[in-house]
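# An overview of the molecular structure
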Amino acid sequence: LKQVMINRGLIVRKSEEAHEHLQTLEQEYAHLINEEIALAIALNHSLVHLTFKGSYKGAIDNSLTVLDKYLNTTHKNALSFHLKMVGVCYAHLGDFDLSERYLLNAIDTVDEDANPCKVTKSDIFHSLAMAQDFKDPYSIKIPHYLNLAVELLGENTEDDRMANCIMGLGNYYNNIDRVDEALVQFKKAAAVFEKNYRLNNMAGCYSNMG
């Protein structure tokens with residue numbers, strides 16, 4: 001499972017080694033692939049469709065096949081990742097009703113007893129806010145979902161996830177011309193990114209503040 005996560009990192013970084021590494025995992029370690037690992041590897045294949053092929057439809061089709069096959073799995077978090085994948089892809093394709101349906105289903109599917117449940121849910125709420133922003137940048141659902149994400153993250157005030165949610169709130173307030181509140185949020189997010197030295201995120205905050 002650790003190797004699957006390493007492979008996922010290679011895919012996200014668009015490394016040329018990603019395909020060969022994934023093939024090795026499936027062929028040479030086939031005897032170790034249980035249901036949990038099969039679900040994780042399948043998510044990597046969905047990411048390959050997105051990252052290397054730019055195909056939202058390919059990612060959707062792959063994850064929908066997985067959802068159908070493993071509908072009754074006990075590995076609920078793994079299932080929620082596929083539901084999130086489908087929801088995010090539908091948002092990019094402009095089908096916002098389907099996007100919200102799958103993302104809310106992902107929230108409901110998360111295993112409350114698994115770790116880290118709150119982080120997983122906060123990521124999905126962030127995706128719900130993003131999908132709403134695609135649909136309507138003035139939607140009151142945007143701050144609703146972002147505040148739910150922030151509430152779940154709780155004391156992790158210096159976490160990049162928290163800062164991304166705060167940044168999203170700043171963007172929303174800027175969209176509805178509540179500029180003073182937007183600046184407050186951007187400054188809060190920038191302080192976290194500065195502490196963690198996330199240069200790209202810092203640049204985004206500074207640009208928005210400007």
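A few points on the structure. (Residues numbered from 1 in each chain as written. Predicted model: local features only at pLDDT ≥ 70, side-chain atom pairs only at ≥ 80, totals over all residues. Heavy atoms only, no water.)

On to the overall build of the chain, then. When helices and strands are tallied, the chain shows eleven helices and zero strands. In the chain, the order of α-helices and β-strands from amino to carboxyl end is α-α-α-α-α-α-α-α-α-α-α. Since a compact globule built from 210 residues should have a radius of gyration of about 17 Å, the 18 Å found for the chain is in line with a globular shape. Referenced to the eigenvectors of the C-alpha coordinate spread, the extents of the chain come out at roughly 55 × 35 × 35 Å. With 210 residues in all, the chain has 44% of them scored as buried. Put simply, 53% of the contacts in the chain that link residues at least 6 apart link residues at least 24 apart. (Helix = DSSP H or I, 4+ residues; strand = E, 2+ residues; numbered from the N terminus. Rg over C-alpha atoms; globule rule 2.2 N^0.38 Å. Buried < 20%, exposed > 50% of the residue type's maximum accessible area, 1.4 Å probe, protein only. Contact = heavy atoms within 4.5 Å.)

Bringing the side chain of glutamine 185 into the picture now. Within the secondary structure, glutamine 185 is located in helix H10 (residues 179-196). According to the relative accessible area criterion, glutamine 185 is buried, its value standing at 13%. The contacts of glutamine 185, once residues within four sequence positions are left out, are Ile166, Leu169, Gly170 and Tyr173.

Before going further, it helps to spend a moment on H10. For H10, which comprises 18 residues, the first-to-last C-alpha distance of 26 Å matches the rise-based estimate of 26 Å (1.5 Å per residue) to within 8%. Listed as buried for H10 are Ala182, Gln185, Phe186, Ala189, Ala190, Val192 and Phe193. Taken down its axis, H10 places every buried residue within 160 degrees of arc, on the same side. Counted as exposed and oriented over 90 degrees from the buried face of H10: Asp180, Lys187 and Lys195. On its buried face, H10 sits against helix H9 (160-175) and helix H11 (199-209). Note on H10: the residue one or two positions beyond its end, tyrosine 197, has a positive phi of about 55 degrees. (Expected span 1.5 Å × (residues − 1). Arc of directions from axis to C-beta.)

Viewed as axis vectors pointing N to C, helix H3 (residues 35-51) and helix H5 (residues 76-93) meet at an angle of 15 degrees, and their least axial separation amounts to 9 Å. The orientation of H3 with respect to H5, classified from their angle, is roughly parallel. H3 and H5 meet at a crossing whose hand is left-handed. Here Leu39, Ala42, Leu43, Ser46, Leu47 and Leu50 of H3 lie close against H5, whose contacting residues are Ala78, Leu79, Phe81, His82, Met85 and Cys89. (Axes fitted to C-alpha atoms, helices over the stretch in contact; angles between N-to-C directions. Parallel < 35°, antiparallel > 145°, perpendicular 65-115°, else oblique. Left-handed = near helix turned anticlockwise from the far one by under 90°.)

What follows is about unusual backbone geometry. Positive phi, normally seen in glycine, also occurs at lysine 14, with a value near 55 degrees. Along the chain, the position of lysine 14 falls in the loop between helix H1 (2-12) and helix H2 (18-28). Positive phi values are uncommon outside glycine, yet aspartate 177 reaches one of about 65 degrees. Judged by relative accessible area, aspartate 177 falls into the exposed class, the value being 63%.

The next subject is the state of the cysteines. Counted under the stated rule, the structure contains zero disulfides. Considering cysteine sulfurs only, cysteine 165 is the nearest to cysteine 89, which forms no disulfide, with 20 Å between them. Accessibility expressed as a relative area gives 0% for cysteine 89, which makes it buried. Cysteine 165 sits in the buried class, given a relative accessible area of 2%. (Disulfide = S-S within 2.5 Å.)

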